[in-house]
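Breakdown of the fold
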Amino acid sequence: MQKTELLYEGKAKKIWSTEDANLLISEFKDDLTAFNGEKKDSESGKGALNNKISTELFKLLESKGVVTHFVEKLDDNHMLHKKAKIIMIEVVVRNVATGSLSKRLGIADGTALPFVLVEFYLKDDALNDPILNDEHCLILNLVDDVKELDILREMARNVNSILKPFFYEKGLNLIDFKLEFGKDKDGNIILADEISPDNCRFWDVNTNEKMDKDRFRQGLGGLKVAYEEVLNRILK
Ligand code: TMP
Ligand code: ASP
């Protein structure tokens, strides 16, 4: 399958059309951004690592019955996937408090949450991705009805219930992650975007070492080594 037209360029991926109206190609870029694009860099090989990691995780989720947009990995930086109309909500799942949750609510960094927390954020860089409640989602027409929000929550929890034990067995604590969903040609909600250390937090179970984009956000260095380690553990 060949790329035809560039449809969209985001911070971490380019999205291309193909000869098949129902299929798109994502090109994973080496660019790194944080704090809504305020901090920028590039790490050669990062895009290929995220493509590999996402491919493995989409395959795992599909094998457990989660419907995703994934079709196949084409080469190092390209993934073929179904076309889906992206729901403009960033669905964040949290097992442990850190990042913006700790900052906003004053929960000590690293505190295990008493239950899995699912949050919605508006996918809008210009507004700095504000947090949303159900009514905000309906007012903004981000979904058709509250039932669709329940589907997002249920799918997100299901993804967590698959990925959290999978990573724990590999010596990684899945702290939190961000998912995006879309509607396929039949209107079904499917898991889209990517699942990689760019949008998940992984802490080593023994050392609590950060193995994700926080290495870049916090200027810790060693980002590529960490992403390679995540991939190696997934493949183990
Ligand atoms: P946060 O603690 O900064 O809100 O991040 C929660 C999770 O969402 C974390 O795994 C990183 C991920 N994330 C994204 O994928 N994109 C974003 O724009 C932000 C802010 C977070
Ligand atoms: N994805 C956002 C950015 O690229 C924020 C983040 O991941 O920290 O700026």
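A brief structural summary. For clarity, every value in this text was computed on a predicted model and none was experimentally measured.

For the coordinates displayed, the defined rule picks out 24 salt bridges. With a shortest N-O distance of 3.1 Å, aspartate 125 and lysine 11 are connected by a salt bridge. Here aspartate 125 is found in the loop between strand E10 (112–122) and strand E11 (131–132), whereas its partner lysine 11 is found in the loop between strand E1 (6–9) and strand E2 (13–17), with 114 residues between them in sequence. Taking the relative accessible area as the measure of exposure, aspartate 125 reaches 40% and is therefore partly exposed. The residue glutamate 148 makes a salt bridge to lysine 183 at a minimum N-O spacing of 2.9 Å.

In total, this model carries three aromatic pairs according to the counting rule given. With a centroid separation of 5.3 Å and an interplanar angle of 80°, the aromatic rings of phenylalanine 166 and phenylalanine 167 are classed as edge-to-face. Cluster of aromatic residues (ring-pair linked, three or more members): Phe166, Phe167 and Phe202. Positioned above the aromatic ring of phenylalanine 28 is the side chain of lysine 13, whose terminal nitrogen or guanidinium carbon lies 5.7 Å from the ring centre. The ring of phenylalanine 216 has lysine 39 sitting right over it, with the charged end atom 5.0 Å from the ring centre.

The subject of this paragraph is unusual backbone geometry. Leave glycine aside and you will find that most residues have negative phi; peptide bonds, for their part, are mostly trans. In this model, asparagine 141 sits at a positive phi of 55°, which is unusual for a non-glycine residue. Examined against the element boundaries, asparagine 141 turns out to sit in the loop between helix H3 (134–139) and helix H4 (146–169). Of note in this structure, asparagine 208 is not a glycine but carries a positive phi near 65°. Taking relative accessible area as the criterion, asparagine 208 reaches 45% and is therefore assigned partly exposed.

Near ligand 2, the surroundings consist of Lys11, Thr33, Ala34, Phe35, Asn36, Gly37, Lys213 and Arg217. For ligand 2, an oxygen atom lies 2.6 Å from a polar atom in the backbone of asparagine 36. At 2.7 Å, a side-chain N or O of arginine 217 approaches an oxygen atom of ligand 2. Computed on the free molecule, ligand 2 has an accessible area of 270 Å², of which 74% lies beneath the protein chains in the complex.

For ligand 1, the set of nearby residues contains 14 residues, the closest of which are Arg94, Ser100, Asp176, Asn199 and Arg201. A distance of 2.6 Å separates an oxygen atom of ligand 1 from a polar side-chain atom of serine 100. Its residues assigned to classes, the shell around ligand 1 shows three nonpolar, four polar and seven charged.

Time to look at the nonpolar core. Counting residues in hydrophobic clusters, the biggest one holds 50 residues, and the most contacted among them are Ile89 and Leu152. Ranked by residues supplied to this core, first place goes to H4 with nine residues. In contact with leucine 152, other than residues within four places in its own chain, are Ile87, Ile89, Val91, Phe120, Val143, Phe181 and Ile189.

Among the secondary structure elements, glycine 182 is positioned in strand E13 (residues 181–183). In this structure the C-alpha to C-alpha distance between glycine 182 and asparagine 206, which are 24 residues apart in sequence, comes to 36 Å. Beyond its immediate chain neighbours, meaning those up to four positions away, glycine 182 contacts Ala84, Lys85, Ile86, Ile87, Asn188, Ile189, Ile190 and Ala192.

What follows deals with the packing of helix H1 (residues 46–63) against H4. Closest axis-to-axis distance for the H1/H4 pair is 10 Å, and the angle between their directions is 120°. The angle between H1 and H4 falls in the class oblique. H4 is crossed by H1, and the crossing has right-handed handedness. Contact residues: Leu57, Leu60 and Leu61 in H1; Val159, Ile162, Leu163, Phe166 and Phe167 in H4. In terms of residue class, the contact of H1 with H4 is built from eight nonpolar, no polar and no charged.

The rules behind the values
Residues numbered from 1 in each chain as written. Chains lettered and ligands numbered in written order. Predicted model: local features only at pLDDT ≥ 70, side-chain atom pairs only at ≥ 80, totals over all residues. Heavy atoms only, no water. Salt bridge = Lys/Arg side-chain N within 4 Å of Asp/Glu carboxyl O. Helix = DSSP H or I, 4+ residues; strand = E, 2+ residues; numbered from the N terminus. Buried < 20%, exposed > 50% of the residue type's maximum accessible area, 1.4 Å probe, protein only. Phe/Tyr/Trp six-rings, centres within 6.5 Å; stacked < 30°, edge-to-face > 60°. Lys NZ or Arg CZ within 6 Å of the ring centre and 35° of its normal. Near = heavy atom within 4 Å. Polar contact = N/O pair within 3.5 Å; in protein donor to acceptor, adjacent residues only side chain to side chain. Areas by Shrake-Rupley, 256 points an atom, 1.4 Å probe, with all protein chains shown as cover. Nonpolar A, V, L, I, M, F, W, Y, C, P; charged D, E, K, R; others polar. Core = buried A, V, L, I, M, F, W, Y, C linked by side-chain atoms within 4.5 Å. Contact = heavy atoms within 4.5 Å. Axes fitted to C-alpha atoms, helices over the stretch in contact; angles between N-to-C directions. Parallel < 35°, antiparallel > 145°, perpendicular 65-115°, else oblique. Left-handed = near helix turned anticlockwise from the far one by under 90°.

Coordinates in, geometry out; function isn't part of it.
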